Amino acid sequence: PALTHLDVRGTDGGVTDGGIREVATNCRRLRSLNVCGTRGRVSDASISAVARRCPHLTALDVSLTRGGVTDTSIVLVAESCRGLTALNVSGTHAFVTDRSIKRTAECCPGLKALDVADTDEAVTNASILVVAERCPDLELLNVSGTEGAVTDTAIASVARRCPGLTSLNVSCTDREVTDASIAVVAENCTQLTALDLFETDGSITDESVALIARRCPALRTLVITDTAGAITDAALSLLGPRCDVVL
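Residues numbered from 1 in each chain as written. Predicted model: local features only at pLDDT ≥ 70, side-chain atom pairs only at ≥ 80, totals over all residues. Heavy atoms only, no water.

Explanation requested: helix α4 (residues 98-107) in the structure shown.
In an α-helix there are 3.6 residues to a turn, and that puts residues three or four apart on one side. Buried within α4 we find D98, S100, I101, T104, A105 and C107. Contacts from the buried residues of α4 go to α3 (71-80), β4 (86-88), β5 (113-115) and α5 (125-134). (Buried < 20%, exposed > 50% of the residue type's maximum accessible area, 1.4 Å probe, protein only. Helix = DSSP H or I, 4+ residues; strand = E, 2+ residues; numbered from the N terminus. Contact = heavy atoms within 4.5 Å.)

Quick look at the structure:
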């Protein structure tokens, strides 16, 4: 009953709704739960039970759950676990959408980490703008693989309203995230330590990366793989000696 953290990721279907329901029933003090990669055997049924019985939950990872976890349970978690600070729904494709991300932002203003990578076009500017408005303490945002549904508009809003942002991943965003919003990040998020620009296909160039280099002295990791030659030595020469560049 004293269990507060449970990580069952990668259990390849060995852990199912039955086991998670038992935990929810017996471990009311649970604070973090990771069911990543449970091959769809963990679903809304047990995540809803966790929401109802574990109100102190602060971190939830339901990534790669093969459609088992949807908006249904994420909305319930948001409404029941209002101290939530970290949510990872990456790789849930269209099963988790703007509906639950908006509700999370509305109910959990202390949210610090949000990963919506590879949610196809189901998570869009609509919900990320609400996150920017309601969650000023956000530190990590991953919108990789949102297929153009998250654009400069949302990223610039996050940068302006969440100045404590330390990690941003805008890779594979179909050229919808550009120098325009990265310049706003450079201006407002001076504590940034990690920036992933993988496969931005030339939409982000030396212009904004140079601004990041000048304005974000804490930057430690910069990923510029597959940026179509738009980021060159000129910008990289401005980076501090402690920054690791992934080419």
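Further notes follow.
Quick question: what am I supposed to make of helix α2 (residues 44-53) here?
By the criterion of burial, α2 is predominantly enclosed, with 7 of the 10 residues buried. Every buried residue belonging to α2 is among D44, S46, I47, S48, A49, V50 and A51, and all of these are buried. The inward-facing, buried residues of α2 abut α1 (17-26), β2 (32-34), β3 (59-61) and α3.

What am I meant to see in the environment of I182 here?
With respect to the secondary-structure elements, I182 resides in helix α7 (residues 179-188). It is 9.6 Å that separates the C-alpha atoms of I182 and T205, two residues lying 23 residues apart in sequence.

Is there a simple way to think about the sheet that holds β2 in this case?
The strands making up a sheet associate through backbone hydrogen bonding, with each pair oriented either parallel or antiparallel. An order of β1-β2-β3-β4-β5-β6-β7-β8-β9-β10 is seen for the 10 strands of this open sheet, with the pairing classed as parallel. On the outer flanks of this sheet lie β1 (5-7) and β10 (244-246), each paired with one strand and no other. Here the average twist between neighbouring strands, direction ignored, is 5°. Sheet topology note: the strand β7 (residues 167-169)/strand β8 (residues 194-196) ladder contains 3 bridges and is parallel. Within β8, the position partnered with L168 by the bridge is L195. (Pairing = 2+ DSSP bridges. Axes fitted to C-alpha atoms, helices over the stretch in contact; angles between N-to-C directions.)

Can you help me understand the packing of helix α6 (residues 152-161) against α7 in this one?
In helix packing, the relevant descriptors are the interaxial angle and the interaxial distance, both defined with respect to the helix axes. The N-to-C vectors of α6 and α7 enclose an angle of 5°; their axes lie 8 Å apart at closest approach. By the criterion of interaxial angle, the relationship of α6 to α7 is roughly parallel. Across from D152, I155, A156, A159 and R160 in α6, the residues of α7 making contact are A180, S181, V184, V185 and N188. Here the contact of α6 with α7 is composed, by residue class, of 6 nonpolar, 2 polar and 2 charged. (Parallel < 35°, antiparallel > 145°, perpendicular 65-115°, else oblique. Nonpolar A, V, L, I, M, F, W, Y, C, P; charged D, E, K, R; others polar.)

Explain the nonpolar core here, please?
Generally speaking, a soluble globular protein has its nonpolar side chains buried in company with each other. Membership of the largest hydrophobic core comes to 74 residues, with the highest contact counts inside it found for L33, L60, L114, I128, L141, L168 and L197. Elements supplying a minimum of two residues to this core: α1, α2, α3, α4, α5, α6, α7 and α8 (206-215). Once residues within four sequence positions are removed from consideration, I128 is found in contact with L114, V116, V123, L141, V143, V150, A154 and V158. (Core = buried A, V, L, I, M, F, W, Y, C linked by side-chain atoms within 4.5 Å.)

Hey, could you run me through a positive patch on the surface in this one?
Together, R21, R28, R52 and R53 make up a region of like positive charge exposed at the surface. Note on placement: R52 falls in helix α2. Relative accessible area serves as the criterion here: at 59%, R52 is assigned to the exposed category. (Patch = residues over 30% accessible without salt bridge, like charges linked within 9 Å, V, L, I, M, F, W, Y side chains within 5 Å. Areas by Shrake-Rupley, 256 points an atom, 1.4 Å probe, with all protein chains shown as cover. Salt bridge = Lys/Arg side-chain N within 4 Å of Asp/Glu carboxyl O. Lys, Arg positive; Asp, Glu negative; His and termini not counted. Charge placed at Lys NZ, Arg CZ, Asp CG, Glu CD.)

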